[in-house]
Amino acid sequence: MLTVFLCWLVTAWLTVAFGWVTWKMAARMGLPGTGEVLSFEWLSLTGISVLTVFLTVLSLFLPLNEAVQIISGTTGLVITLAGRKSWWRYIVHKWQRRGTAYYGQALLVTILIIWLLWRAANPTTAFDTGLYHLQTLQWIERYPAVPGLGNLHGRLAFNSSLFLPMALLRYGTPSGPAYCLGSYFYLLMAVVVARRATARHAPTLSDSLHWVWAPILLFFALIYCFQVWLSSTYSDCPLAVLLGLLFLRFGEQRQSSYNQGVDASDLLLLLLALIATTIKLSAAPVLLLPAYKIWQKRRLVTWPWLVCLVALVVGVVGPWLARSVVLSGYLIYPLPALDVFAVDWKVPATYARMEQNIIANTARQAVQSPYAPFAESWHTWLPHWWSFETPYTKAVLLLAALSPLVVLVRWQQRPKEQDGWLGGWLVAWLGSTYWFFTAPDFRFGAGFLLVAGLWPWLSARWLAWSVRWQYAPMLLVLFYALHNLREPVYEFRTSPAMFLSKAIWPALPPVPETVEVPIRGIVVRVPRTGVRCWGAPLPCSFCVEADLAPRGATLAEGFRWQKSK
């Protein structure tokens, strides 16, 4: 837990430094909306996004090895020293305005961090972490983008952009590299929850319940869903937090801001929505949030602003698409319909479709072969899929499905301050619909489903902010945090050796025993039992196809498909 906490501190420092300098550069360029510095969580998310874009470009030419870590840390140190006076003024200003609520925030954040650390230090049991996540991270750390890597194992070409900053922000342990970025997102959410729970007043009475309770309930729901995966490298867990924070920011935007033209806040919303989409394609509907804001201001968008918006989209998406082409031969993998390049390392279209079918079929819990195109009728697959859902996911799905009825009843005569919350709900509901018709695995759409299900119930017709209830959110979060501390306390009492071991280093999965399979001049490792390579040395895959062939003498030259004679 200690090393995970230190990793969080380094991550917070580095990402806030990059977010800070990005925001200051935007202010020097004269972008409106940069007069006030962003809060900690938004500076950190901005830094993560900027780092992700830079690392995507860099990974096309260089591995993200220890040299890149040193260069990134040195850059962060230079930024910190160069802006030390501004940082100090900012810290002093916040300290002077801390008030009594500051101590409540510190208490809640401390308790939540202890519990999150214990969860993040537990051994992961996530299937995909062993199947391809750890292997993907090893390839990123040791080689530039490898042409045709998807030929070795199709999922190595999935190209989630989150793996790039995750690889950068790793640290070594006696058992191998550890990754803390996924759980760090929940630290950011905990900071937001502590701040809202201890707030003495809301911005306006009409949306006080949304402002106070929305992040708290969302945090509870996300933790309940993903707590067992906080130690994993799943991109779904941090992505759900990012989506939730984006919906919170969008909901808190005032209608009056639509008459002020495009500003830095709109660019930040677009940047984070693009990053979310490159993390996982299932998040693509979140792009409707910045699209809606820009559409509302379309009459005020000048040509320079339009060029800026297009440049931002191209700057984020372009390198991500280029990396996908290198890994698989397709613009987006596994979508073989987007086949525009003739390269020798291209994953065969039949295998790309097979990978696409596996995602759709396993998400629907299909009875048919997972490799075949989905062909089951609604009355066959829907009851079967529903039977596999837990009571918790069933409740969330029902809330999301019935939310339009609640919206019609509760938001017909809403104040203008709630237009952002209504727009956010609509995008979340559309995202949930998109999720249902593509790959209805709950973890793929948790960010949309929870917002769609929760937002309409936080209506202004309910109890608004009052002195009588001002301590209720803080007490509830405090009770929840203390209740969850029972788990590490119980482990300390019953298994002190295990607890003390995790108190320093996180518990990492063991490296499995592998069998070396020679094929056309290279040796590929295959797990002796099971299909997961975990952190086995490269190259490793769950199986070796007979038609797999290296493109050259080294692994960096990649793989291609060559028919056996």
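Thresholds, definitions, all that
- Residues numbered from 1 in each chain as written.
- Predicted model: local features only at pLDDT ≥ 70, side-chain atom pairs only at ≥ 80, totals over all residues.
- Heavy atoms only, no water.
- Salt bridge = Lys/Arg side-chain N within 4 Å of Asp/Glu carboxyl O.
- Helix = DSSP H or I, 4+ residues; strand = E, 2+ residues; numbered from the N terminus.
- Buried < 20%, exposed > 50% of the residue type's maximum accessible area, 1.4 Å probe, protein only.
- Pairing = 2+ DSSP bridges.
- Disulfide = S-S within 2.5 Å.
- Expected span 1.5 Å × (residues − 1).
- Bend = angle between axes of the 7 residues up to and from the residue.
- Core = buried A, V, L, I, M, F, W, Y, C linked by side-chain atoms within 4.5 Å.
- Contact = heavy atoms within 4.5 Å.

Caption draft 1: Representation of the pattern of salt bridges within the structure. Scanning the model with the defined rule gives 17 salt bridges in all. Residue E355 pairs with R155 through a salt bridge whose shortest N-O separation is 3.0 Å. Of this pair, E355 sits in helix α15 (residues 349–363) while R155 sits in the loop between α7 (149–152) and α8 (163–168), and the two are 200 residues apart along the sequence. The same class applies to E355 as to R155, namely buried. Among the ionic pairs, R525 bridges to E516, the shortest N-O distance being 3.9 Å. Through salt bridges with shared partners, a single ionic network connects D128, R155, D236, K280, E355 and R443.

Caption draft 2: Structural detail: the pairing of strand β3 (residues 514–519). Bridging between β3 and strand β4 (residues 522–527) involves six bridges; their strand directions are antiparallel. Bridging from a neighbouring strand, T514 pairs with P527 of β4. Between β3 and β4, which pair antiparallel one after the other, the connecting turn spans two residues, and R520 there sits at a positive phi close to 50 degrees.

Caption draft 3: Summary view of the state of the cysteines. For the structure on display, the rule yields two disulfides. Linked covalently through their sulfurs, C7 and C180 form a disulfide whose S-S length is 2.0 Å. Across the disulfide from C7 to C180, rotation about the S-S bond amounts to roughly -65 degrees, and the bridge is consequently left-handed. In this pair, C7 is assigned in helix α1 (residues 2–28) and C180 in the loop between β2 (176–179) and α9 (181–197), connecting sequence segments 173 residues apart. Summarising the burial analysis for this pair, C7 and C180 share the class buried. Across the disulfide, C533 is cross-linked to C540 (sulfur-sulfur distance 2.1 Å). In this structure the cystine formed by C533 and C540 twists about its S-S bond by roughly -85 degrees; its chirality is therefore left-handed.

Caption draft 4: Geometry of helix α6 (residues 127–142). Here α6 contains 16 residues, and its C-alpha end-to-end distance of 23 Å stays within 8% of the 22 Å for a straight helix at 1.5 Å per residue. At H133, α6 shows its largest bend, some 40 degrees. With respect to burial, α6 is a largely interior element, 14 of its 16 residues being buried.

Caption draft 5: Broad picture of the nonpolar core. Counting residues in hydrophobic clusters, the biggest one holds 143 residues, and the most contacted among them are W8, L45, F185, Y186, F219, F247 and W455. With 13 residues, helix α10 (residues 208–226) is the single largest residue contributor to this core. For F185, the contacting residues outside a window of four places in its chain are L45, I48, L162, P238, V241 and L242.

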